[in-house]
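Residues per chain, in single letters:
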Amino acid sequence: MTYCLAISVDDGLVFASDSRTNAGVDYVATYSKMSRFVFDDNRVLVILTSGSLATSQAVLNAIKRDLDDPETEFDISKGKYLHEVARYIGKLSQDEQRTHGEAFEKSNGSNESSFILGGQIKGQPCEIYLVYPQGNFISSSVETPYLQIGESKYGKPILDRVISADISLSDAARCAVISLDSTMRSNVSVGPPIELSLHKRDMFQSPEHLVLRATSDDFQSIQVQWNYGIKSAFNQLPKLDWDKYNR
């Protein structure tokens, strides 16, 4: 299991992902689920992955293969709109799933992967898309300015309460860390290190990138302060009037 999210605010985009791909009593594997592509003065793209590691790695390999092939009809450096890149990723995913589909059916396994594509093409706004295993996709909205893949339910409440278009990139990044931390506390299949990337609107250079390990001072400080804040807020809640409801 995994958990990745992308947040869209007025100032740009925030991307966050955990690094755990398998969890068990005696085995834990970690892989980066965030890939960044920068085409100077043209476009910045970030891809997050969840689901079948074999499928997601095959899709990323196909993306790099097409970038290296000068005769390819389309790659992520081409296309005027980001939704064209999302459609291309969906097609690559579908092609890979079909290639190994019969083998997975026989073993009752799943080779499905989901992707979040985000970034900005020069002359276009910042955007994020969720590409489903079926190859279709959706974009974020004003009402829901974030997208999630993987184990999303535990980290969603903080996003709903905090994220809005007008908050800063720094605050959105801190909220993303809390969303990941909340998920890790409730599901052992999601784990550190956490990767963060920030793309500032209209800045076509490598996004700011940060890796927070379980032992990182910044990560531990956020955890401690958040835990303290939750308990403090809980202790200040009004008491229930038992007599009132037992009349």
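Scroll up a little and you will see the structure.
Residues numbered from 1 in each chain as written. Predicted model: local features only at pLDDT ≥ 70, side-chain atom pairs only at ≥ 80, totals over all residues. Heavy atoms only, no water.

> How should the overall build of the protein chain be read in this particular structure?
Counting its regular elements, the protein chain contains six helices and 12 strands. Against the compact-globule benchmark of 18 Å for 247 residues, the protein chain has a radius of gyration of 20 Å, which places it among compact chains. Its C-alpha atoms give the protein chain principal-axis dimensions of roughly 75 × 45 × 40 Å. Relative to its 247 residues, the protein chain shows a buried fraction of 45%. Looking at the protein chain alone, contacts between residues at least 24 apart form 62% of all its contacts between residues at least 6 apart. (Helix = DSSP H or I, 4+ residues; strand = E, 2+ residues; numbered from the N terminus. Rg over C-alpha atoms; globule rule 2.2 N^0.38 Å. Buried < 20%, exposed > 50% of the residue type's maximum accessible area, 1.4 Å probe, protein only. Contact = heavy atoms within 4.5 Å.)

> In this structure, what is going on with the environment of Gly12? I would like to understand it.
By the element assignment, Gly12 lies in strand E2 (residues 12–17). The spacing of Gly12 and Asp241 is 229 residues in sequence and 46 Å in space, taken between C-alpha atoms. The residues touching Gly12, leaving out its near neighbours within four places in the chain, are Ile7, Cys126, Leu169, His199 and Arg201.

> Just to check I follow, could you spell out the sheet that holds E2 for this structure?
Strands pair in a sheet through their backbones, by hydrogen bonds, and they do so in one of two ways: parallel or antiparallel. Spatial strand order, E10-E1-E2-E11-E12: five strands in an open sheet with antiparallel pairing. On the outer flanks of this sheet lie strand E10 (146–150) and strand E12 (208–212), each paired with one strand and no other. Each strand of the sheet is rotated relative to its neighbour by a mean of 10 degrees, with strand direction disregarded. Both strand E1 (residues 3–9) and E10 contribute to a ladder of five bridges, which runs antiparallel. Looking across to E10, one finds that Cys4 is bridged to Ile149. (Pairing = 2+ DSSP bridges. Axes fitted to C-alpha atoms, helices over the stretch in contact; angles between N-to-C directions.)

> Explanation requested: the sheet that holds strand E5 (residues 34–39) in the structure shown.
Read from one edge to the other, the open sheet built from five strands follows the order E5-E6-E7-E8-E9, with strand pairing classed as antiparallel. Unpaired on one side and paired on the other, E5 and strand E9 (137–139) mark the two borders of the sheet. Looking at each pair of strands side by side, their axes are set apart by 20 degrees on average, direction ignored. The sheet contact formed by E5 and strand E6 (residues 43–51) spans six bridges and is antiparallel. From the neighbouring strand, Ser35 faces E6, where its bridge partner is Ile47.

> Help me out: how do you make sense of the packing of aromatic side chains in this one?
Geometry of an aromatic ring pair is reported as the spacing of the ring centres plus the angle between the planes. Per the counting criterion, the structure on display carries two aromatic pairs. Arranged with centres 5.3 Å apart and planes meeting at 55 degrees, the rings of Phe74 and Tyr88 form a pair that is tilted. With Phe74 in the loop between helix H1 (53–68) and helix H2 (82–106) and Tyr88 in helix H2, this residue pair connects regions lying 14 residues apart in the sequence. (Phe/Tyr/Trp six-rings, centres within 6.5 Å; stacked < 30°, edge-to-face > 60°.)

> Help me out: how do you make sense of the state of the cysteines in this one?
Inspection of the entire model under this criterion finds zero disulfides. Counting only cysteine sulfurs, Cys175 is the nearest neighbor of Cys126, a cysteine outside any disulfide, at a range of 18 Å. Free of any disulfide, Cys175 has its nearest neighbouring cysteine sulfur in Cys4, separated by 16 Å. (Disulfide = S-S within 2.5 Å.)

> Honestly, the environment of Leu196 in this entry has me stumped. Any pointers?
Tracing the sequence through the fold places Leu196 in strand E11 (residues 194–200). Taking C-alpha positions, Leu196 is 23 Å from Phe137, a pair spaced 59 residues apart along the chain.

> Would you explain the nonpolar core in this entry?
One broad rule of soluble globular proteins: the nonpolar side chains tend to lie buried together. Grouped together as the largest cluster of nonpolar side chains are 26 residues, with contacts concentrated most on Leu5, Ile7, Val14 and Leu159. Those elements giving two or more residues to this core turn out to be E1, E2, helix H3 (156–162), helix H4 (169–186) and E11. Broken down by element, the residue count for this core peaks at nine residues, all from H4. Other than its neighbours up to four places away in sequence, Leu159 contacts Tyr3, Leu5, Ile7, Tyr146, Gln148, Cys175 and Ser179. Membership of the second largest hydrophobic core comes to 19 residues, among which are Leu45, Leu60, Tyr88 and Leu117. (Core = buried A, V, L, I, M, F, W, Y, C linked by side-chain atoms within 4.5 Å.)

> Sorry if this is basic, but what is going on with the pattern of salt bridges here?
For side chains of opposite charge, pairing can occur when their charged atoms come near one another. Within the structure shown, the criterion is met by 12 salt bridges. For Asp95, the salt bridge identified is with Lys91, shortest N-O distance 3.1 Å. With Asp95 and Lys91 both in helix H2 and four residues apart, the pair spans about one turn of that helix. Taking the shortest distance from any N to any O, the salt bridge between Asp181 and Arg185 comes out at 3.5 Å. On the criterion of helical spacing, the pair formed by Asp181 and Arg185 is a turn pair, its members being four residues apart in helix H4. Through salt bridges with shared partners, a single network forms among Lys91, Asp95 and Arg98. (Salt bridge = Lys/Arg side-chain N within 4 Å of Asp/Glu carboxyl O.)

None of this, on its own, says anything about what the molecule does.
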